[in-house]
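Okay, here's what each chain looks like letter by letter:
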Amino acid sequence: MKDSIIQCDQLSLSLGGMKVLDDVTLSVNDGDFLGIIGPNGGGKTTFLRVILGLEAPSSGSVMVYGRPPGSFPARIGYVPQRLFFDRDFPISIRELVLMGRISNKKLFHHYNKRDREKSDQAICTTGLERLAERRIGDLSGGELQRALIARALAGDPELLLLDEPTASIDPQMKTTIYDLLEHLKEKLTIVLVTHDVGTISRYVTRIASLNVTLELYESALSTNRESLSMLYHYPVNPVVQHSPLSRTIDHP
Amino acid sequence: MLQELLAFEFMRNAVLAAILSSVACGIIGTYVVVKKIGFISGGIAHTAFGGIGLGYYLGINPLLGVIPFSLFAAIAIGLMSKKAKVAEDSAIGTFWAVGMAVGVICIGLKPGYAPDLFSYLFGNILTVPTFDLWMILSLDLFIIGVVWLLNKEFLAISFDEEYARVSGLKTTALYLLLLCLIALTVVVMMRVVGIVMVIALLTIPAAIARMFSRTLPGMMVLAITLSSLFSIIGLWFSYQLDLASGATIIVISGFVFFLVHAWRLVSALLTAQ
């Protein structure tokens, strides 16, 4: 049996008197690529924040690598959705990615050659070599998103958590990001929160729908048009089950 | 111009104070600007007036009263806005006014007239004694040391505090430490421009520097240079025209700030055409 990496048992969480997560039970195993879909306000981001230790559950338990969340920052890479930072901040992509190394560093220690090599590797993986010296303010939404993925990868994580990495970027760039995840899932366990219901089932191994409560679909391939429509309570485009023949294919 | 300035000892001290204080101001001002904590810095500065009043009441060097007092203010404001459910601007506003009130009461309790209080409020770089220069120098060295040791942590919390927390950093402790460094910088700047105007010199040079910098260390060096220039030019004008030195430095800084922005606006309009 594969090792369980995230273990949630009857997890509930209320924020400001509102139940955001209710009785969520889920386990994510080593090597999984779990897609979490669901409407806005369904608790997807909050769920990731619980796994990261940024929010404490009101009841139930969460274990990440067998310990309470936040115990192993260096094993987790996080790609946040909301950009909390200032686009005018005087910093280049290279330095932004280098910050992903901080979870592996001790207090007072400066970044060394190995840290720079690791972050350069992450820059290569995400195809940002040519842009590495650019200021973050000069990047497009898709480039910035790849830079945030590179920052998460620089720390050499085993588990990658992504919060809507394809929100508000153009379809072409979406394909690039999904191809990147396809490549990364060989080595990493991935949890992906997304709205791209139509696209993800080609990539993920399991799908969960989260709307305060959680429903799990053990095989992504078994999710068909009807079940997806039921999840969202409105019609959803059919899922592309096979790989596209060329890069220019239009994704639904 | 410089020779004329350096002819007198008090002028030499003033120029030294301007340059030394600009070091702390440029480094810490950079964090204040990129982390957008100018208002909290203003709060710490004004609360520090309570420390001056206390020092005066106890009959010790007011600078010795103001260091512990402003450090306490920094930690209290930081904790109140981070941990207690108090809106940050309410916490800052309360400390701002209460600190000044404590200072006023302490001064009122001490019989007699307090002649040099004005210089703490509005600065008087022309009367900086040698003892204060040594104090500014040691605070500079302390600030440089801490920032050198923790530059990656300070960069991380300034850029994206939540990500820093996820990465396992003790973000609240680091933030409080940064606020304490701001408090010490306020003490350093007090002699030059006074606590009422310290916020301007903490933010203006760094805000201008940000427009022309690609990295944080580069922004710090440029901010230090600009701050030194503004202080020395302000000093020269105040000496020539017999104006209040702190206020002149601030007016010069503000003038350049507006000039740079106006130039940006005009050049943007011209390229748009």
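Preceding this paragraph is the structure being described.
Residues numbered from 1 in each chain as written. Chains lettered and ligands numbered in written order. Predicted model: local features only at pLDDT ≥ 70, side-chain atom pairs only at ≥ 80, totals over all residues. Heavy atoms only, no water.

Chemist: Could you clarify how one ought to interpret the interface of chain A and chain B in this entry?
Modeler: Reports often express the size of an interface as the amount of accessible area lost when the parts come together. With 34 residues of chain A at the contact, the number on the chain B side is 26 residues. For the pair chain A and chain B, the two sides together bury roughly 2,800 Å², of which 64% comes from carbon and sulfur. Of all residues in chain A, F89, P90 and I102 of chain A bury the most surface against chain B, accounting for 23% of the area lost on that side. At the junction of chain A and chain B, the tally comes to four salt bridges. Among the ionic pairs, E162 of chain B bridges to R49 of chain A, the shortest N-O distance being 2.5 Å. Between chain A and chain B we count 10 residue pairs in polar contact (both at pLDDT 80 or more) in total. Residue assignment for the side of chain A that touches chain B shows that the elements contributing at least two residues are α1 (44-52), α2 (93-98) and α4 (141-154) of chain A. (Contact = heavy atoms within 4.5 Å. Buried area = accessible area lost by both parts, 1.4 Å probe. Salt bridge = Lys/Arg side-chain N within 4 Å of Asp/Glu carboxyl O. Polar contact = N/O pair within 3.5 Å; in protein donor to acceptor, adjacent residues only side chain to side chain. Helix = DSSP H or I, 4+ residues; strand = E, 2+ residues; numbered from the N terminus.)

Chemist: Looking at this structure, how should I read the nonpolar core?
Modeler: The biggest cluster of nonpolar side chains holds 169 residues, and the ones touching the most others in it are F47 and L160 of chain A together with F154 of chain B. Counting residues per element, this core draws most heavily on helix α10 (residues 171-193) of chain B, which supplies 16 residues. Ignoring anything within four residues of it in the chain, the contact list for F47 of chain A reads C8, L11, L21, V24, L26, I36 and L210 of chain A. (Core = buried A, V, L, I, M, F, W, Y, C linked by side-chain atoms within 4.5 Å. Buried < 20%, exposed > 50% of the residue type's maximum accessible area, 1.4 Å probe, protein only.)

Chemist: Would you explain a nonpolar patch on the surface in this entry?
Modeler: Residues and elements named next belong to chain B. A cluster of nonpolar side chains, contributed by L54, Y57, L58, I60, L64, I105 and L109, occupies part of the molecular surface with about 660 Å² of accessible area. Within the residue set of the nonpolar patch, elements represented by two or more residues are α3 (38-58) and α5 (88-109). Here the nonpolar patch takes three residues from α3, the largest share from any one element. Take Y57: it is sitting in helix α3. For Y57, a relative accessible area of 37% translates into the label partly exposed. (Patch = residues over 30% accessible without salt bridge, like charges linked within 9 Å, V, L, I, M, F, W, Y side chains within 5 Å. Areas by Shrake-Rupley, 256 points an atom, 1.4 Å probe, with all protein chains shown as cover.)

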